[in-house]
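Each chain is listed here by its residues.
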Amino acid sequence: MSRILVSFFFTGMLFLVQAQDRYTLSGIVTEASSNETLIGVTITIKELKTGATTNEYGFYSITLPTGDYEIQVGYLGFKEITQRISLTKNLRLNFEMEDRTEELGEVVITGSSESYSLGKTQMSVSSLTAQKVKQIPVVLGEADVVKSILLLPGVTNAGEASSGFNVRGGAADQNLIQLDEATIFNSSHLFGFFSVFNPDAIKDVKLFKGGIPARYGGRVSSVLDVFQKEGNSREFKMNGGIGAVSSRLLAEGPIVKDKAAFLIGGRSSYAHFLLPLFDIDNFAYFYDVNTKLNYRLDDHNNFYLSGYFGKDVFSINDSFVNDYGNALVNFRWNHLFSDKLFSNLSVIYSDYFSGLELDFEGFKWSTGIKNFNLKYDLKHYLNDKLQVNYGVHNAYYRFNPGTIEPSNLESGVTSDQLTEKFANESAAYLDIEHDVTNKLSLGYGLRFSYFIRFAQDDIFAYKDDNPIIFDPFTLVYSPAIPADTVNLDDRQILDQFANIEPRLSIGYQFTQKTAVKLSYTRMSQYLHLLSNTNSPTPVDVWTPSGRYVKPQLLDQFALGFFQKLKNGFSVESEWFYKEIQNRIDYIDGADLIANNAIEQVILNGEARAFGWELLLKKETGKFKGWIAYTLSKSEQRTPGRIPKRDNGRSNREIGINLGEWYKTPYDKTHDVAVNFSYEMSDKWTFNSNFIYQTGQPTNYPIGQFEFQGLVIPYYGQRNVERLPDYHRFDVSATLTPLRNKGRALQGEWIFSLYNVYNRMNASSINFQRNSETGVNEAVRTSIFGLVPSVTYNFKL
Amino acid sequence: MMMKSSVGIISFFLFLTACQEVIEVEVQEEEPRLIVDAVIEVDTSVRSFEAVVKVSLTSSFFGTIPATELSQIILYNGGAVVFLLENPVGSGVYKAILGPDYFTSGGEIVLIIDYLDKNYYATAEYGPAVPIDTIFQRVNNSEENLKSEIVVKYTDDADVVNNYLFDFGDGDYIATDDEFYQGEETQISYLLEREYEAGDELEVRVLGASKPHYDYMKLLLEQSGDDLSFFDTPISTARGNIFDITDLDNIDVFDNVYLPGNFPLGFFAVSQVYKSKITLK
């Protein structure tokens, strides 16, 4: 099937290529002052009502018939460039764009470049520039990528002090998070107070919620693609900030002017973050470092070396210590085979580690995942109607589920290594962007993914191949005791999975201002984060698919309506429906910490979500912002397994939660996010957020009982009730002193108030017996009330 | 393995950063359900002891739990049937005097309860424990506050898989298994957070638990504790090992899959127990 499709594509392409005399216009678009490439700039050919956008490396290419054209180069926040060209041979044209902030007064957008992207098939995507991220007020005054995307429709999280984010009712581990093409396995610092992305070091953030192109794979909910800056190759610059919780400093500059540049940025929270709230022996802190080197050898070859290292530590009385972090190194080579054929080779090594030390039990546990990743991606700009992207990816994983060591001399704990696991994930894809007519465009692609689980040292074998036993009388699932332990040769294939993942999107542009888009996405996910909490924790462990853990498979349909209005307003409305097969679920009381046989506590189930998203946006003018609303539902179900034995009995199982659908912890019926900014003068800019979310699903007791001196609330089915609704309002004011003008040091002050009306949002409600009064009570925990903060940022 | 205590500590962490408040919550209720607290503590150092089972009924979370009365409750070890009698009458506490041999002679112990028009059944395996080697109190006198720790040292039995429940009274337990210290001398420490006076006695008991009993206790500890959002798992009914056999005729009905609502709460277990006392300073 796939072979026939591929040959069909190429035959079609050959036909189109040989049509008439055509020449290629290509080049790189950069920001004038820093020579930093710009992503997503539109280059519009006015006469043909067609165009191109720059890719992740600032490159564009378009092939047109011979002729004279007027070209417009447009990018939000920058001055538009208009140029006349005469295309009689292949032309290399680089553009340098200037920031529009230096211009005074209202800027009128011509709209031509905007409507070009409207006609493209890509939907369900949100882009944020680093500049926008920095404007959004967040708790403790620190700009943050993940906190910013939470303001978009279809994106929520479990509230304050929770890691990760949920897209369209999906789990946090179903998001593919990439920093400069390298996968990040944990995106949070300090339990979600911060994300791992240093806002000073990043250039561009894209979140794909649906209609995900075939070049992405391996996760079933969304793709968060973050690119770091390359470094200023014109002049040496420094910037930084001093905040209430952390400070940061970033330096960048040329090594060889216009050819090679470096960037190094670091952040650190103060060692005694939240100290006043603790007693003296406790601390929590994080730090991270972003580095990048780039070298532009010639017009055809660019090299990039980037690195990220981050670590979190928190400790209580030295008796409880948790640390975790990501380290990654990434080498990339951009090569232009021709004006039309762009390639990028990435070689990535990443290491995610996490450790837990419990001194009172004399126990130290460390876990991690090492990943060696090779990607080769090509973008073939055939002509103004057709772009073909193809490539191969390969990732080799080494999982350490746990190394156990004694934490002190008195401890009786003996060192132990839980069995390491090995896997390889490879994929090849072909993705075609095809403008069939000026109004109709198609995106069609196919990703073929292949996953191998290699043999490991100790493999448990179970009676009847059943690692989890169901008691038909007490109706309880419990772990089976392995019948045998098998040792196989290293590198022998234990299990393998292959999936064909078709992607399809259709865009139809009715007018310059109105478009309808439709997409279908199938994706597979071979790695699973073992977590039975509402949001990920640093002690959660990633595990590969295998005999008992099947790959998750997604089918998502999305339909969108896009309308540009007057005065910079636009409306986007999308509907989505998705189903996920093989979503793992945990039996009641599943213990995941240092568990060497995870198959004994999980069952394979399914999940589904559907919803409607509405985004009303104003992107230009002094008054900017958006209103996002999402109505959605997210559920999961784990029915009992189908009986294998025939002993005259039914052998049926009840499954988890009696096999009935239940709300996932990320089911938020209503989600409203409003973000507004107002540039009052050159001196003052104001920003505000309002967030409202239906309360997170949880459980309230339907009774209580006593057992062995414990008073235990007794619960019914899973996630029947909800926490109270979550809402808050934040404001911030940015002061740019007027005396900055003409000075080398440019400073700014950001004053912010988080949760202005001091709402005590419940992060949880616990039902417990008060040990002093002996009375049962419901206790609400809230993380933040009103939090004022001040941050000082500077540029040099 | 050692989940409970780590949860406790992380809760402690968040507790300090967060704001907690008692609030009014409206809760749903269901028909009262039978609760059976049947952990038989086997003291192998004496010739006979009381086997005690407590029965009561569930109530609304904010109500009180009433005792109840059974029609009959028996134990069976494959040899002898023993009837437990309510003492004092009306307390819901059923007792029988038995020797350790009744439970340690090997094989499953069966519990059968008749209550109203229902019959309930459970089996248990003997959970072995080990004696406490030493127990002492460690007082950390830091500037800010006084912290008192109870350290319990014990030597794991190398020949069997052990699951331990250390009971410090007041519903404070530490659950730990020997997966990572098989046969080793080891220790646990318990942070004494309750108020006490010097000279008070604290009894520490170590109960041996079968794997199902251990898992059940861990689930209850998780559900009764005040752990916060970090480790909040989707909680639902903690089902024990006692089940309804009233309708199981083995002709048409072989299991309870089609009657998932008919179950009592609680657990039947047989645990070896060792006790140790410490005078607090």
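Parameters and conventions
- Residues numbered from 1 in each chain as written.
- Chains lettered and ligands numbered in written order.
- Predicted model: local features only at pLDDT ≥ 70, side-chain atom pairs only at ≥ 80, totals over all residues.
- Heavy atoms only, no water.
- Helix = DSSP H or I, 4+ residues; strand = E, 2+ residues; numbered from the N terminus.
- Buried < 20%, exposed > 50% of the residue type's maximum accessible area, 1.4 Å probe, protein only.
- Contact = heavy atoms within 4.5 Å.
- Areas by Shrake-Rupley, 256 points an atom, 1.4 Å probe, with all protein chains shown as cover.
- Lys, Arg positive; Asp, Glu negative; His and termini not counted.
- Charge placed at Lys NZ, Arg CZ, Asp CG, Glu CD.
- Expected span 1.5 Å × (residues − 1).
- Pairing = 2+ DSSP bridges.
- Axes fitted to C-alpha atoms, helices over the stretch in contact; angles between N-to-C directions.
- Core = buried A, V, L, I, M, F, W, Y, C linked by side-chain atoms within 4.5 Å.
- Salt bridge = Lys/Arg side-chain N within 4 Å of Asp/Glu carboxyl O.
- pLDDT = per-residue confidence, 0-100.

## A short note on the overall build of chain B
Summing up its helical and strand segments, chain B has 3 helices and 18 strands in all. Residues counted as buried form 54% of the 281 residues belonging to chain B. Within chain B, contacts between residues separated by at least 24 positions form 67% of all contacts whose residues are at least 6 apart in sequence. Of the roughly 12,400 Å² that chain B leaves accessible, carbon and sulfur atoms contribute 48%.

## Notes on the overall build of chain A
For chain A, the count of helices and strands is 4 helices and 53 strands. Across the 796 residues that make up chain A, the buried fraction comes to 61%. Considering only contacts in chain A between residues 6 or more positions apart, those separated by 24 or more positions represent 66%. Accessible surface computed for chain A: about 29,900 Å², of which carbon and sulfur atoms make up 58%. In chain A, 78 positive and 88 negative side-chain charges are present, and the distance between their average locations comes to 7 Å.

## Points about helix α3 (residues 211-224) of chain B
The terminal C-alpha atoms of α3(B) lie 20 Å apart, and with 14 residues this matches the ideal 20 Å at 1.5 Å per residue to within 8%. For α3(B), the tally of buried residues reaches 11 of 14 residues, placing the bulk of the element in the interior.

## Focus on the sheet that holds strand β6 (residues 81-87) of chain A
Residues and elements named next belong to chain A. Taken in spatial order, the 4 strands make up an open sheet running β3-β2-β5-β6, and their pairing is antiparallel. Edge positions in the sheet fall to β3 (50-53) and β6, since each has one partner strand and no second. Here the strands of the sheet are splayed against their neighbours by 25 degrees on average, with no regard to which way each runs.

## Thoughts on the nonpolar core
Ranked by internal contacts, the top residues of the largest apolar core, which has 60 residues, are A:Ile149, A:Phe165, A:Phe197, A:Leu224 and A:Trp365. Once residues within four sequence positions are removed from consideration, A:Trp365 is found in contact with A:Ser354, A:Gly355, A:Leu356, A:Pro401, A:Gly402, A:Thr403, A:Ile404, A:Val539, A:Val541, A:Ile593 and A:Ala594. Among the nonpolar cores identified, the runner-up in size contains 30 residues, and B:Phe49, B:Leu75, B:Phe103 and B:Leu111 belong to it.

## Notes on the pattern of salt bridges
The tally for this structure, following the rule as stated, stands at 51 salt bridges over all chains. For B:Glu30, the salt bridge identified is with B:Arg33, shortest N-O distance 2.8 Å. With a closest N to O distance of 3.4 Å, B:Arg138 and B:Glu149 form a salt bridge. Pair noted here: B:Arg138 is in strand β11 (residues 132-141) and B:Glu149 is in strand β12 (residues 146-155), with a separation of 11 residues, a long-range link. Via salt bridges that share partners, A:Lys46, A:Glu47, A:Glu70 and A:Arg84 belong to a single interconnected network.

## Observations regarding the confidence of the model for chain A
Note that predicted coordinates carrying low pLDDT should not be read in detail. All names here are of chain A. Considering every residue of chain A, the mean pLDDT works out to 85; 91% of them sit at 70 or more. Looking at the elements of chain A, mean pLDDT is at its lowest for helix α1 (residues 2-17), recorded as 47, and at its highest for strand β35 (residues 514-525), recorded as 95. Low pLDDT, under 50, characterises residues 1-17; the stretch is placed with 13 contacts to residues that sit more than four places away or in other chains. Per-residue pLDDT stays below 50 along residues 275-280; that stretch engages in 9 contacts with residues further than four places along the chain or on separate chains.

## Describing unusual backbone geometry
Cis rather than trans, the peptide bond between B:Asn87 and B:Pro88 has omega equal to -5 degrees. Relative to the helices and strands, B:Pro88 resides in the loop between β6 (85-86) and β7 (93-98). A positive phi angle is found at A:Ser124, which is not glycine, with a value near 55 degrees. Mapped onto the secondary structure, A:Ser124 falls in the loop between α2 (112-118) and β9 (125-129). Classification of A:Ser124 as buried rests on a relative accessible area of 2%.

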